[in-house]
2 protein chains.
Amino acid sequence: MSAGHTVVTTPARSAVIDEPVITCDTPQDECGVRDVLDRLGDRWSVYVIVELASGVKRFKQLQRAIPGAISQRMLTLTVRRLERDGLVKRTVYATVPPQVEYELTELGHSLTHLVKALADWSIAHRPAIAAAREEWDAENPDSSVR
Amino acid sequence: MSAGHTVVTTPARSAVIDEPVITCDTPQDECGVRDVLDRLGDRWSVYVIVELASGVKRFKQLQRAIPGAISQRMLTLTVRRLERDGLVKRTVYATVPPQVEYELTELGHSLTHLVKALADWSIAHRPAIAAAREEWDAENPDSSVR
DNA sequence: CTGCATCCTATCCGATACTG
DNA sequence: CAGTATCGGATAGGATGCAG
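Residue indices follow the written sequence of each chain, beginning from 1 at its first position. To read the labels, note that chains go from A and ligands from 1, taken in the order they are written. The predicted nature of this model means local features are confined to residues of pLDDT at least 70 and side-chain atom pairs, given and counted, to a pLDDT of 80 or more, with totals for whole chains, interfaces and linings taken over all residues. The side-chain numbers reported here are obtained from all heavy atoms of the structure, hydrogens and water having been left aside.

- Labelled according to an unreviewed UniProt entry, chain A appears under the name Transcriptional regulator, originating from Streptomyces alkaliterrae.

Printed below as a string of structure tokens:
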């Protein structure tokens, strides 16, 4: 009595291979990966790390060096957070006018390699990504996913 | 915040050795590093990449596997963007009910190593970061920087 | 099951003004 | 120069409802 529509059986479930990859079993603190990603996630932290990777810099120096014109407010917030996380060391000199120097800590430097690797990957694969985007956009003219 | 994929000049041949960290001389398009960071910056992309690193997964599988309870909306958006960037391949099966499989492309897999490295770093240094934060918070009881 | 559209909220971030 | 505080726009992201 059923209509003749074919119900396709779902194919075999993909067996979980072998790699736990990250082994995250604590949904609460989310494995702590967020601790880093949230930092790298904001707009400026990576640039600050990159700039400080080449040496000590003062506030204004930092601001000028960072591409995209970071506002004073955001630079302050960014360096404060990085300092709080122990990635950046802040040194205040009681001079007139005041002078504050920022530099990476040991911890901060250890992150530099990864950030650099990420940047290299980005640069190396940018053409591929750009091409993929153009192709996708061409095939999906009216998509809400930009 | 990604600028429209204009990909201008960018003479950054970037055959960088390992002295200059990122060699960014184009403030305009920000070296293209943003192209990647904007993806990694959002809350979920990294988790999707991590999950797909272990093999093909369906939509619902992905949603259940990701820690932190990603909403349906965000998972859809995230995988679409990754697909657009050529990092994820999407395969639709005309079954009832519908079934869609997601898997990393070659490009996506090449990013996996970096993402894993980042995750490893995060896990390894989480205690240090947590300690730094506690110390900082103790020394700055009434700070607006959380 | 997969996915889109809508509404609504939290947060990011820039602009601006003011202090030491 | 370095930093803080406030306002307001833009946007990421959750909840819900509906469609294929």
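Continuing now.
1. Quick word on the environment of Val33 of chain B
Right, on to step 1. Helix numbers and strand numbers start at the N terminus; a helix is a DSSP run of H or I with at least 4 residues, a strand a run of E with at least 2. Structurally, Val33 of chain B is set in helix H1 (residues 33–41).
Right, on to step 2. For Val33 of chain B, a relative accessible area of 3% translates into the label buried.
Right, on to step 3. A sequence separation of 56 residues divides Val33 of chain B from Lys89 of chain B, and the C-alpha atoms of the two residues are 23 Å apart.
Right, on to step 4. In what follows, residue pairs with any heavy atoms lying within 4.5 Å of each other are defined as contacts. With sequence-adjacent residues up to four places away left out, Val33 of chain B is seen in contact with Tyr47, Ala119 and Ser122 of chain A. Accessible area is worked out with a 1.4 Å probe on protein chains only. A residue is then buried under 20% of its type maximum, exposed over 50%, and partly exposed in between.

2. Quick look at helix H2 (residues 45–53) of chain A
Residues and elements named next belong to chain A.
Right, on to step 1. Burial analysis of H2 places nine of its nine residues in the buried class, the great majority of the element.
Right, on to step 2. By the burial criterion, the buried members of H2 are Ser45, Val46, Tyr47, Val48, Ile49, Val50, Glu51, Leu52 and Ala53.
Right, on to step 3. Once H2 finishes, Gly55 follows within two positions and takes phi at roughly 140°, a positive value.

3. Some thoughts on the protein's contact with DNA strand D
Right, on to step 1. Taken together, 21 residues form the shell around DNA strand D, and within it Lys60, Gln72 and Arg90 of chain A together with Arg73 and Met74 of chain B come nearest.
Right, on to step 2. Looking at DNA strand D alone, sugar and phosphate atoms form 58% of those within 4 Å of the protein.
Right, on to step 3. Arg58 of chain A places a polar side-chain atom, nitrogen or oxygen, 3.2 Å from a sugar or linking oxygen of DNA strand D.
Right, on to step 4. Polar contact is the term for a pair of N or O atoms within 3.5 Å; when the atoms are in protein, one must be able to donate a hydrogen and the other to accept it, and sequence-neighboring residues count only if both atoms are side-chain atoms. Ser71 of chain B has a polar side-chain atom sitting 3.1 Å from a phosphate oxygen of DNA strand D.
Right, on to step 5. Only helix H3 (59–65), helix H4 (72–84) and strand S3 (99–104) of chain A together with helix H4 (72–84) of chain B provide two or more residues apiece to the surface near DNA strand D.
Right, on to step 6. For the surface near DNA strand D, the leading source of residues is H4 of chain A, giving four residues. To be near a molecule or strand, a residue needs just one of its heavy atoms within 4 Å of it.

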